[in-house]
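Commentary on secondary and tertiary structure
Here's the letter readout for the chains.
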Amino acid sequence: MNLKDMKVKIDKPYPEIVGACDDTMTVSILKNLISRPGELGAVLQYIYQSVVADKTMEEIGGIIEEIGIVEMIHLDLLMHAVTDFGGVPKYEDSQGNYFNTNCINYTTKLKEMLDNNIRAENMAINSYREAIKRVKNESLKNLFSRIIEDEEQHIKVFQYIRDSVRFLSI
């Protein structure tokens, strides 16, 4: 297998949310998935990295950008879910702290990027698993499970790149 054959998204639709009603606890959980650093942080992180990696290896930069686009899809789904459950879709966590870019890692070294990305994706998976335990709406749980599948695929891609590239000092 080569990098061009790697899928960055599972080929399966995202479940639609049904039966949503105003629920402040669910909105709080969703906001934390969006902004701690969450999906918004992942989007910004991967777009930054795609530009930096593109200078070294265009193919790697392109794959990271594609993953960033998948994270944008997740962000969009979560923002809509916030409104479905009666919230206002702001870039803030459940405590009202607005998102800031202090969570973005500005390293230019490929190995550090990949290691950080693998850690971040694992943290995201853990956050979604915790969210599944806390929310009541089954269709939202299904959405979280589906997003986890993409995040697990992202880990595979980052591990493949890390294990395949020989000059990891960049």
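Figured I'd write up the structure that's included with this text. (Residues numbered from 1 in each chain as written. Predicted model: local features only at pLDDT ≥ 70, side-chain atom pairs only at ≥ 80, totals over all residues. Heavy atoms only, no water.)

Quick notes on the nonpolar core
The following threshold applies: Among the buried residues, those of types Ala, Val, Leu, Ile, Met, Phe, Trp, Tyr and Cys that are joined through side-chain atoms within 4.5 Å form a nonpolar core. Exposure is judged per residue with a 1.4 Å probe applied to protein chains only, and the accessible area is read against the type maximum: over 50% gives exposed, under 20% gives buried, and values in between give partly exposed. Segments assigned H or I by DSSP are reported as helices when at least four residues long, segments assigned E as strands when at least two residues long, and all are numbered from the N terminus.
Of all hydrophobic cores here, the largest spans 45 residues; its most connected members are L30, L78, L140 and F144. Mapped by element, the contributors of at least two residues to this core are α1 (24–35), α2 (38–56), α3 (58–84), α4 (110–134) and α5 (138–164). Per-element accounting of this core gives the leading share, 10 residues, to α3.

Brief notes about the environment of Q153
In plain terms, the rule: The criterion used for residue contact is that any of the two residues' heavy atoms lie within 4.5 Å.
On the secondary structure map, Q153 appears in helix α5. Residue Q153 is classed as buried on the basis of its relative accessible area, which comes to 13%. As for Q153 and K7, which are separated by 146 residues in sequence, their C-alpha atoms are 7.6 Å apart. With sequence-adjacent residues up to four places away left out, Q153 is seen in contact with K7, V8, K9 and I10.

Regarding the pattern of salt bridges
The condition is simple: Here a salt bridge means any side-chain nitrogen of Lys or Arg lying within 4 Å of a carboxyl oxygen belonging to Asp or Glu.
Using the criterion set out here, one finds 10 salt bridges in the structure. Close ionic contact of R146 with D150 constitutes a salt bridge, the shortest N to O distance being 2.8 Å. In this pair, R146 and D150 are both assigned in helix α5, four residues apart and thus about one turn of the helix distant. Using a relative accessible area of 2% as the deciding quantity, one classes R146 as buried. Here the salt bridges do not stand alone but share partners, grouping K111, D115, R162 and D163 into one network.

Examining the packing of α1 against α3
Selection rule: Fitted lines through C-alpha atoms serve as axes, helices being fitted only where they are in contact, and the angles separating the N-to-C directions of these axes extend from 0 to 180 degrees. An angle below 35 degrees is read as roughly parallel, one above 145 as roughly antiparallel, one from 65 to 115 as roughly perpendicular, and any other as oblique. Here is the rule for handedness: rotate from the far helix to the near one, and if that takes an anticlockwise turn smaller than a right angle the crossing is left-handed, while a clockwise turn gives right-handed. For this classification, the nonpolar set comprises Ala, Val, Leu, Ile, Met, Phe, Trp, Tyr, Cys and Pro, the charged set comprises Asp, Glu, Lys and Arg, and every other residue, Gly included, is treated as polar.
At their nearest, the axes of α1 and α3 sit 9 Å apart, and the two run at 155° to each other. Relative to α3, the element α1 lies roughly antiparallel. The element α1 and its partner α3 pack so that their crossing is left-handed. Where α1 approaches α3, its residues V27, L30, L33 and I34 are matched on the opposing element by L75, L78, M79, A81 and V82. Considering only residue class, the contact of α1 with α3 consists of nine nonpolar, no polar and no charged.

As for the environment of D11
Within the secondary structure, D11 is located in the segment before α1. A relative accessible area of 72% means that D11 is categorised as exposed. Taking C-alpha positions, D11 is 9.2 Å from D150, a pair spaced 139 residues apart along the chain.

What to know about the layout of surface pockets
The condition is simple: A cavity, in this analysis, means grid points on a 1 Å lattice covering only the protein atoms where a 1.4 Å probe fits yet has no way out; a pocket is instead an open set bounded by protein on both sides within 12 Å along at least five of seven lines, and a residue lines either one if it has an atom within 4 Å of a point. Grid points are joined across faces, edges and corners, and a volume is the space filled by probe spheres set on the points.
For the largest pocket, the calculated volume is near 630 Å³. The wall of the largest pocket is formed by 29 residues, among which R36, P37, G38, A120 and M123 lie closest to the centre. Elements with a minimum of two residues in the lining of the largest pocket: α1, α2 and α4. Sorting elements by how many residues they give to the lining of the largest pocket places α4 first, with 12 residues. Taken together, the residues of the lining of the largest pocket sort by class into 12 nonpolar, nine polar and eight charged.

Overview of a negative patch on the surface
In plain terms, the rule: Patch criteria: residues need more than 30% relative accessible area and no salt bridge. Like-charged residues are merged within 9 Å; nonpolar side chains of Val, Leu, Ile, Met, Phe, Trp and Tyr are merged within 5 Å. For the area figures, the Shrake-Rupley method with a 1.4 Å probe applies, and any residue is considered shielded solely by the protein chains shown. For this count, His and the chain ends are skipped, Lys and Arg are scored as positive, and Asp and Glu as negative. Charged groups are reduced to one reference atom each: NZ for lysine, CZ for arginine, CG for aspartic acid, CD for glutamic acid.
There is a patch of like negative charges on the surface, built from D54, E58, E59, E65 and E66. Among the elements that line the negative patch, the one with the most residues is α3, at four residues. Tracing the backbone shows E59 in helix α3.

Points about the packing of α1 against α4
For the pair α1 and α4, the least separation of the axes is 11 Å and the interaxial angle reads 175°. In terms of orientation, α1 and α4 fall into the roughly antiparallel class. The segment α1 lies against α4, with M25, I29 and L33 engaging S127, Y128, A131 and R134. Its residues assigned to classes, the contact of α1 with α4 comprises five nonpolar, one polar and one charged.

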